[in-house]
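Observations on the model geometry
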Amino acid sequence: MHFAINTPNFGLYGDARLLAELAYEAEEAGWDAFFIWDHIGASWEVPMADPWIALTAMAMRTQRIKLGPIVTPLPRRRPWKVAREAVTLDQLSGGRLILGVGIGSDFGREFSCFGESSEDRLHGEMLDESLEVLTKLWSGEAFSYVGKHYQLTEARFLPLPVQQPRIPIWVAGVWPNKKPFRRAARWDGVSPIAEGRELTPEDYQELTAYLKTQRQSNEPFDVIAAGHTTGSDKVQDQATLQPFAEAGVTWWQEAFDWNYSLEQVRTRIRLGPPTIA
């Protein structure tokens, strides 16, 4: 199991310099990755950092840890712009980017505020097309594409990503809805959530079993969980993590939202990742 820190990109964390410092501290303390949210806001009365610029600052302050947005809503971004940003960040970081993607939500009016549709079905279609466009652009080969939502004519992007055959893609999904997990099974990992509650080890047993029925590849596949460990009580942390590991979880995120103070986050970072037998 690998261990990551996960924070928002707004409020206390709406400062790219601060996120870069926290990423540096996480690397020094032995964490494997630092992931941030991807929100653009609407009428939100909080500071906010662009996630890609923040991730760039974080890459410049670190040398080893993985970095990425968990997750970026591709339907509110141009896939060719994300393709260019992702390769640039992968090159800059020496191949440390993980791209988390999802359909997004209009809970905070991040679609409707700007006159865009909030329909999930539409966003699912756009996400599937975006992923196809992204990976073709990452190939370095010239191609044309005609989809329902995106059209490209003789497009070719260079350079290639450092990571081959591609930058890892983790797809978000709300369990127990099956369609997002069928989508995730085609890629490199899944970042699941549930509505109104935390996912349990039993949920992970069910969703990993379902993913196995949908996978067409024997390549490694990452499964991400989120929660909290102490960093100081090894017995308690082992008891927290072991059921998730047995259920197939490969990444554990210490997940912090706007309710946590900077002091709390820094303290947990500096205690280092938990250990599991």
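Residues numbered from 1 in each chain as written. Predicted model: local features only at pLDDT ≥ 70, side-chain atom pairs only at ≥ 80, totals over all residues. Heavy atoms only, no water.

As a further point, take a positive patch on the surface. Together, R121, K178, K179 and R182 line one region of the surface with positive charge. You can see R182 is positioned in helix α5 (residues 179–184). (Patch = residues over 30% accessible without salt bridge, like charges linked within 9 Å, V, L, I, M, F, W, Y side chains within 5 Å. Areas by Shrake-Rupley, 256 points an atom, 1.4 Å probe, with all protein chains shown as cover. Salt bridge = Lys/Arg side-chain N within 4 Å of Asp/Glu carboxyl O. Lys, Arg positive; Asp, Glu negative; His and termini not counted. Charge placed at Lys NZ, Arg CZ, Asp CG, Glu CD. Helix = DSSP H or I, 4+ residues; strand = E, 2+ residues; numbered from the N terminus.)

On to the pattern of salt bridges, then. When the charged atoms of two side chains lie near each other, side chains of opposite charge can form a pair. Under the definition given, this model contains 13 salt bridges. Between E25 and R266 there is a salt bridge whose closest N-O contact spans 2.9 Å. Of this pair, E25 sits in helix α1 (residues 16–29) while R266 sits in helix α8 (residues 262–271), and the two are 241 residues apart along the sequence. The two residues E25 and R266 agree in class, both being buried. (Buried < 20%, exposed > 50% of the residue type's maximum accessible area, 1.4 Å probe, protein only.)

Turning next to unusual backbone geometry. A cis amide bond links I70 with the next residue in sequence, V71, at an omega value of 0°. Checked against the element boundaries, V71 lands in the loop between β3 (66–69) and β4 (72–73). Put simply, L158 and P159 share a cis peptide bond, and its omega is 5°. Here P159 lies in the loop between β7 (151–155) and β8 (169–174). Of note, R109 is a non-glycine position whose phi angle comes to about 65°, a positive value. Relative to the helices and strands, R109 is located in the loop between β5 (99–102) and α4 (120–138). Even without a glycine there, the phi angle at E154 is positive, about 50°. Along the polypeptide, E154 turns up in strand β7.

This brings us to the nonpolar core. Ranked by size, the top nonpolar core spans 67 residues in total, and within it F34, W138 and Y204 carry the most contacts. Ranked by residues supplied to this core, first place goes to α4 with seven residues. Discounting chain neighbours no more than four positions away, the residues touching Y204 are P192, L199, V223, I224, A225, A226, F244, A247 and V249. V71, I98, I224 and W251 belong to the second-largest nonpolar core, a separate cluster that totals nine residues. (Core = buried A, V, L, I, M, F, W, Y, C linked by side-chain atoms within 4.5 Å. Contact = heavy atoms within 4.5 Å.)

Moving on to the sheet that holds strand β11 (residues 251–255). Ordered by their spatial adjacency, nine strands build an open sheet running β3-β2-β1-β11-β10-β9-β8-β5-β4, and the pairing between neighbours is parallel. Among the strands making up the open sheet, the edge pair consists of β3 and β4. Inspection of the sheet shows β5 paired to β8 by three bridges, in the parallel sense. Paired with L99 across the bridge in β8 is I169. (Pairing = 2+ DSSP bridges.)

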